[in-house]
Amino acid sequence: MLLRPGSLEEDLVKVATVLATLPQPLAIVLDHAHTAPVELASLLEFLLNVPAAHPRALIMLSRTPPAQAPLCRALLRRFGEAQSLVLEVTPLSLSSVVQALGARGGLDLDPAASGADLYARAAVILQRSGGNPLHLLALLEEEGLPQAGFALAAAARGAGMLAGGALPMGRLPSCMRDTYLGEIDGWPAPLREALSHLSVIQGDFSFTLAESLPDAARSGLPAAALLREALDRRALIETEAPSALGWPAFGSLGDVTRSEPCYRFRSEGLRIALAGLLPQAERQALRRHLAAQLEASQPGLALYYAERAGADQDAERLRKAYRARLGPGSPLLRSLSRTGGPRAEPLLGPMAAQVLSAPALPARPVQGVTEPRRTHAAASAAVTWQGYRLAWEPGGWLSVLSQGRYGHPHTLRVQVPVPAGLRDVPVLTLRVVWRLDVFHGGHELGPSQVAFPLRFAVPGADGARVLTPEPTPDYTEEGQRQVVHSDVALGTWMQHELVFNMAGQAAERLELHARALDLALTVGELSLNGQPLLPLAAAPERVGVAGPQEDRPAAVLPLTVQR
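An account of the accompanying structure is given in this report. Keep in mind the model is a prediction, meaning the values are calculated, not measured.

**Some remarks on the nonpolar core**
L195, L198, F205, L236 and Y305 are the most contacted members of the largest nonpolar core, which has 70 residues in total. Broken down by element, this core gets its largest block of residues, seven residues, from helix α6 (residues 115-129). Residue contacts for F205: discarding those within four places in its chain leaves L198, A210, L227, L236, C262, Y263 and R264. Among the nonpolar cores identified, the runner-up in size contains 46 residues, and L398, L412, V414 and L534 belong to it.

Spelled out as structure tokens, the structure:
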């Protein structure tokens, strides 16, 4: 705020003079520096260069690296490395959230609850917070949270499963909603309104789908201009191509390209907050529009939108089209016949919270397996890719969590090189010790592929091996036989031995796959014909930067320029 409007330079001198005379060290904090104009660089440089009696520091908080933030980049050039420091605050890890919950007494869990229950709840709250410490604190401090449960913030999905039982309903804390909405308060009204309409889309969407929205839904903005501004402001991000990741650094192998770019909201919380601004009648009209647009390409998802919109006649036609698209023998026909169609969510209002929604699974007796050994490997930063977070936990264990985006799940693919001495053996025996704490496939969204928490495949072998808690017959996917092992329980360590017959084919790589809407799993041991692959003896020095950075804490990548 100017002391005398129209005299910026004079006011700046006065402010700099006052700050220089303060009888104590001074820190100037500039939030959302990634959106600040580069023209501020000269003003901030002047504030720091005015002689002062005590040290001063400029702390700039940005969601993007300094090289991608014009103001940060300009100040780094002016002050140089000798006078500046860049710190990256990475998202919280699963192990750190487990420790936080344990320190708070597990958030008043039932005294009989096991450590598995605590582990599963930590996975869900990490997913809901996006690894953001501020959002995590909001969830921990939310009134009534222990009774409400750790529901994922989005539209209601139904009754969910995690270790320890089903999760009851919960709500997105108001402080989290206010934080998201506070980020966009200063944006142009047409952009906010257009993003609210886009938020009705579940999951990733293409330019073509965004362009198909009525002009009124886009506030008159051309689709290209709308997406460009939303990307510049980090409301949206461009999704990664569905490439496989390498082992053990999780760098993209670039083996798949995409013909048309796709987009998604930076975080599910932001999408839900925006959706809450839209009147119910407008949401329903957009759902009917989306059902019509997706009928030919994704009849299952179109059916979901039609049922949500109450378009019964359209839903009946789409249900038949979805059945025909699945084809006879698809395991997905079981969930379709069980629910009559993609499950319509209860009418709980725009801010109703999403819950884990796997069908209720019967408890399965599983022989107890000792917790795998840990090595001296340190934890690594998480890598985000295709809606999943991969990280090396302390001790060399692999942790995989979904990011809680309510849309068709992608298939995570990690390629593990087969040891040279095993590439020509006739039979490969894979031993895996792992635990599954959260799983939901997203049946209600009408997917075209079967979801699973974990799958292993060796190209050239006699089929893939699917591990899932849902009773599922063997099936075929993309011409490959899928051998299903349903002896999977939640919340306990399990051991599986999977045999691959190579029939004279060379085994070059083992592929680890996951495909789930909600997922939290840990792999503690992995070996091929007795040769250990996990736990890692040492974590990679640098994990691959796989994909754009997602929702980060407000204090991510602080740039400190100190005089």
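On we go.
**Re the sheet that holds strand β5 (residues 236-238)**
Spatial strand order, β4-β7-β5: three strands in an open sheet with antiparallel pairing. The two strands at the open ends of the sheet, each matched to only one other strand, are β4 (205-206) and β5. Bridge count for β5 against strand β7 (residues 262-265) is three bridges, and the pairing is antiparallel. In the sheet register, I237 faces β7, and the bridge partner there is R264. In this fold helix α12 (residues 223-232) packs onto β4, β5 and β7, with an angle of close to 100° to the strand it touches most, β5.

**Here's the deal with the packing of aromatic side chains**
For the structure on display, the rule yields six aromatic pairs. Ring geometry for F205 against Y263: centres 6.2 Å apart, planes inclined by 40°, an arrangement best described as tilted. On the criterion of sequence distance, the pair formed by F205 in strand β4 and Y263 in strand β7 is long-range, its members being 58 residues apart. Looking at F205, the relative accessible area reads 2%, which means it is buried. Taken together through their ring pairs, the aromatic side chains of W247, F250 and W392 make up a single cluster. We note R374 situated over the ring of W397; from NZ or CZ to the ring centre the distance is 3.6 Å.

**Regarding helix α2 (residues 40-49)**
Spacing of three or four residues puts side chains on the same side of an α-helix, whose turn is 3.6 residues. Within α2, the full set of buried residues consists of A41, L44, L47 and L48. Angularly, the buried residues of α2 cover 125° about the axis, an arc narrow enough to put them on a single face.

**Structural notes on helix α13 (residues 268-275)**
With eight of eight residues buried, α13 lies mostly within the body of the structure. Of all the positions in α13, only E268, G269, L270, R271, I272, A273, L274 and A275 are classed as buried. Contact partners of the buried residues in α13: α9 (174-184), α10 (189-198), β7 and α14 (280-294).

**Examining the side chain of R515**
By the secondary structure assignment, R515 is in strand β18 (residues 509-515). A relative accessible area of 2% means that R515 is categorised as buried. One polar contact links R515 to T411, side chain to side chain, over a distance of 2.7 Å. A distance of 2.6 Å separates a polar atom in the side chain of R515 from the backbone oxygen of V450. Residue contacts for R515: discarding those within four places in its chain leaves Y388, P409, H410, T411, F439, Q449, V450, A451, F452, R455 and E477.

**What about unusual backbone geometry?**
For the bond from W247 to P248, the omega torsion is 5°, close enough to zero to count as cis. For P248, the location among the structural elements is in the loop between β6 (245-246) and β7. Of note, the amide linkage connecting L534 to P535 takes the cis form, showing an omega dihedral of 0°. One non-glycine residue, H32, lies in positive phi territory at about 55°. Relative to the helices and strands, H32 resides in the loop between β1 (26-30) and α2.

How each quantity is defined
- Counting of residues starts from 1 at the beginning of each chain's written sequence and follows it residue by residue.
- Only residues with pLDDT of at least 70 are given local features in this predicted model, and only at 80 or more are side-chain atom pairs given and counted; all residues enter the totals for whole chains, interfaces and linings.
- The basis for the side-chain values is all heavy atoms of the structure; hydrogens and waters are excluded.
- For our purposes a nonpolar core is just a set of buried Ala, Val, Leu, Ile, Met, Phe, Trp, Tyr and Cys residues, chained together by side-chain atoms within 4.5 Å.
- Throughout, exposure labels follow a simple rule: accessible area from a 1.4 Å probe, protein chains only, divided by the maximum for the residue type, with under 20% read as buried, over 50% as exposed, and the rest as partly exposed.
- Here a helix means four or more residues in a row that DSSP labels H or I, a strand means two or more in a row labelled E, and each is numbered from the N terminus.
- A contact between two residues is defined here by any heavy atoms of the two lying within 4.5 Å.
- If DSSP finds at least two bridges between two strands, the strands pair.
- For helices, the fitted line uses only the C-alpha atoms of the stretch in contact; every axis is such a line through C-alpha atoms, and the angle between N-to-C directions lies from 0 to 180 degrees.
- Centre distance within 6.5 Å is the pairing criterion for rings of Phe, Tyr and Trp, where only the six-membered ring of Trp is used; planes under 30 degrees apart are then read as stacked, over 60 as edge-to-face, and the remainder as tilted.
- Geometrically, a charge over a ring is one whose NZ (Lys) or CZ (Arg) sits within 6 Å of the ring centre while staying within 35 degrees of the ring normal.
- What the arc covers is the set of directions going from the helix axis to the C-beta atoms.
- N or O atoms closer than or at 3.5 Å make up a polar contact, with two conditions inside protein: a donor-capable atom paired with an acceptor-capable one, and, for residues adjacent in sequence, both atoms drawn from side chains.

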